[in-house]
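What follows is each chain in one-letter form.
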Amino acid sequence: PEETVTSSFASFIHAVRPEHLSKTVCHRSKRMILDSIGVGLVGSTTPVFDIALQYCRELYSPVAVSSVYGKPGVKLSPTLAAFTNGVATHSMDFDDTWHPATHPSGAVLPALLAASQMLPPGTKPNGMDFLLAFNVGLEVQGRLMHFSTEAHDIPRRFHPPSVVGTVGSAAATAQLLSLSRAQCTHALGIAASLAGAPPIGNAPRLGFEAALLPARGMEASPLILDDIPGCAGFSVFYGVYQPKPLSAPSERHEFLLEKQDVAFKRFPAHLGMHWVVDAALSVRNLFINYAGSFSPSLIRSIVLKIPVSKYINRPFPSSEHQARHSFQFNACAALLDGEVGLGSFAETSIHRQELRELLGKVVVEHPEDNAANFDKMYGEVALLLHSGDVLTGKCDTFYGHWRKPLSKESLLKKFRSNAAHVLPEEQIEAIIATVDNLESLSDSSQL
């Protein structure tokens with residue numbers, strides 16, 4: 001049969017082997033796995049996670065074999081565990097971010113954790129199999145995003161994890177379950193037909209289901225990723241769509257993660273906030289050196305130079321979710337407190353009078369050279385003082401960006417802080433050791 005884009009992806013998923021993973025890819029992906037577990041654990045303390053968990057426990061009678069973040073003794077059916085853990089991972093917008101923009105780990109890891117517990121004894125994948133499947137899920141997501149120029153900037157249409165994440169989840173699970181090439185093709189087709197459904201918890205769940213159905217005989221379009229006139233395939237998600245085949249893995253195969261690391265967030269908010277927070281902290285230090293302390297009464301106005309983006313330009317956020325997606329709030333919280341963290345988004349913090357007064361002084365500008373692109377944007381915070389002086393802080397690469405990666409110490413500090421909300425110290429250290437030695441793990445369900 002003629003080779004197509006879709007069949008090339010299926011061939012890759014079926015043929016790729018652990019030896020194709022470089023040391024760099026293994027190192028980077030293990031950092032992602034550890035960070036994502038920590039984010040999921042702290043996310044299990046949120047109200048939206050409790051709603052998702054209650055929904056899954058009450059409305060279904062599951063074959064309960066897969067664990068749930070932060071809830072010892074609670075198990076769900078594999079696909080519902082993937083859904084619930086996916087909700088936990090993204091509930092605070094604390095998960096990793098790639099370029100072009102998506103949240104790669106949260107769409108894949110929950111499905112693989114659930115699948116590894118689903119398989120019967122004697123057939124469970126080892127740690128290297130798990131690591132390979134995780135990277136297959138990342139690779140497919142990255143390749144799909146490169147099919148359209150629209151994906152290179154902060155997306156204007158579909159939320160990427162619900163689109164590429166669903167297909168990536170299917171690819172990862174298909175690889176872990178050792179599906180045939182034909183079954184991998186059908187898994188991609190089913191996943192693409194299910195893609196686009198928010199919330200992000202649907203990406204690992206629906207991708208997981210898409211990988212399970214072909215093993216039971218379900219079929220789907222073998223041209224789902226191709227650009228075929230008159231065929232509503234994956235191209236429906238983009239106005240501009242130019243798919244390219246994925247080469248069969250070879251000894252020299254270079255995964256996208258080799259070329260493009262991910263960004264890890266230091267605090268739970270939209271990635272764009274990290275630029276303005278670092279810029280605000282920089283100008284805050286200048287202000288303290290200038291005035292001896294941070295005194296909002298000396299400030300006449302605050303000028304933010306940020307990219308044009310409607311959904312993260314929120315002058316006066318009134319909820320936790322809005323605050324996590326507000327350039328203005330995050331800049332002012334950093335100026336006022338000298339940091340941004342989990343507590344910054346509590347209701348009592350959001351509605352502080354002194355913070356509201358500072359928000360009232362903010363003026364937003366959109367320079368033409370500041371693109372809404374995570375690889376090119378910058379954040380600038382200028383304080384115009386009543387004295388006539390102007391103090392300015394600017395950030396074009398925040399700490400945690402792929403150009404300025406978190407150190408091992410910083411990543412571990414974040415993980416320990418997140419996991420400590422629900423786990424004792426000995427279990428936290430056990431997870432760290434397990435992920436660090438994932439290649440030698442004989443049974444990945446132990447994770």
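Nothing here was measured: the structure is a model prediction, and the numbers come from that model.

Draft legend 1. Spatial organisation of the UniProt feature "domain: MmgE/PrpD C-terminal" (unreviewed entry) in the protein. Under the feature "domain: MmgE/PrpD C-terminal" (unreviewed entry), the UniProt entry names residues 267-438. With 41% helix and 14% strand, residues 267-438 has its two end C-alpha atoms placed 26 Å apart.

Draft legend 2. Molecular detail of the packing of aromatic side chains. Tallied over the entire structure, the rule returns 11 aromatic pairs. Relative to Phe255, the ring of Phe12 has its centre 6.1 Å away and its plane inclined at 65°; by these criteria the two rings are edge-to-face. Taken together, the residues span a long stretch of sequence, with Phe12 in helix α1 (residues 5-15) and Phe255 in the loop between α9 (202-212) and α10 (256-259) at a distance of 243 residues. Through pairs of rings, three or more aromatic residues link up here, namely Phe9, Phe147, Phe234, Phe237, Tyr238 and Tyr241. Directly above the aromatic system of Phe83 lies the positively charged group of Arg205, at a separation of 5.9 Å from the ring centroid.

Draft legend 3. Structural context of the packing of α1 against helix α6 (residues 127-145). Between α1 and α6, the shortest axis-to-axis distance is 11 Å and the interhelical angle comes to 160°. As far as their axial angle goes, α6 and α1 are roughly antiparallel. When you trace α1 past α6, the crossing you get is right-handed. From α1, Phe9, Phe12 and Ile13 reach across to α6, where they touch Val136, Glu139, Val140, Arg143 and Leu144. Across the contact of α1 with α6, the residue classes tally to 6 nonpolar, no polar and 2 charged.

Draft legend 4. Summary view of the packing of helix α2 (residues 23-43) against helix α5 (residues 104-118). Axis separation between α2 and α5 bottoms out at 10 Å; the angle between their running directions is 80°. The pairing of α2 with α5 is recorded here as roughly perpendicular in orientation. For the pair α2 and α5, the contacting residues are Met32, Ile33, Ser36 and Ile37 in the first and Pro104, Ser105, Gly106 and Leu109 in the second. Per-class residue counts for the contact of α2 with α5 are 5 nonpolar, 3 polar and no charged.

Each value, and the rule that gives it
- Residues numbered from 1 in each chain as written.
- Predicted model: local features only at pLDDT ≥ 70, side-chain atom pairs only at ≥ 80, totals over all residues.
- Heavy atoms only, no water.
- UniProt positions renumbered as here; feature names shortened; annotations may be inferred.
- Helix = DSSP H or I, 4+ residues; strand = E, 2+ residues; numbered from the N terminus.
- Phe/Tyr/Trp six-rings, centres within 6.5 Å; stacked < 30°, edge-to-face > 60°.
- Lys NZ or Arg CZ within 6 Å of the ring centre and 35° of its normal.
- Axes fitted to C-alpha atoms, helices over the stretch in contact; angles between N-to-C directions.
- Parallel < 35°, antiparallel > 145°, perpendicular 65-115°, else oblique.
- Left-handed = near helix turned anticlockwise from the far one by under 90°.
- Contact = heavy atoms within 4.5 Å.
- Nonpolar A, V, L, I, M, F, W, Y, C, P; charged D, E, K, R; others polar.

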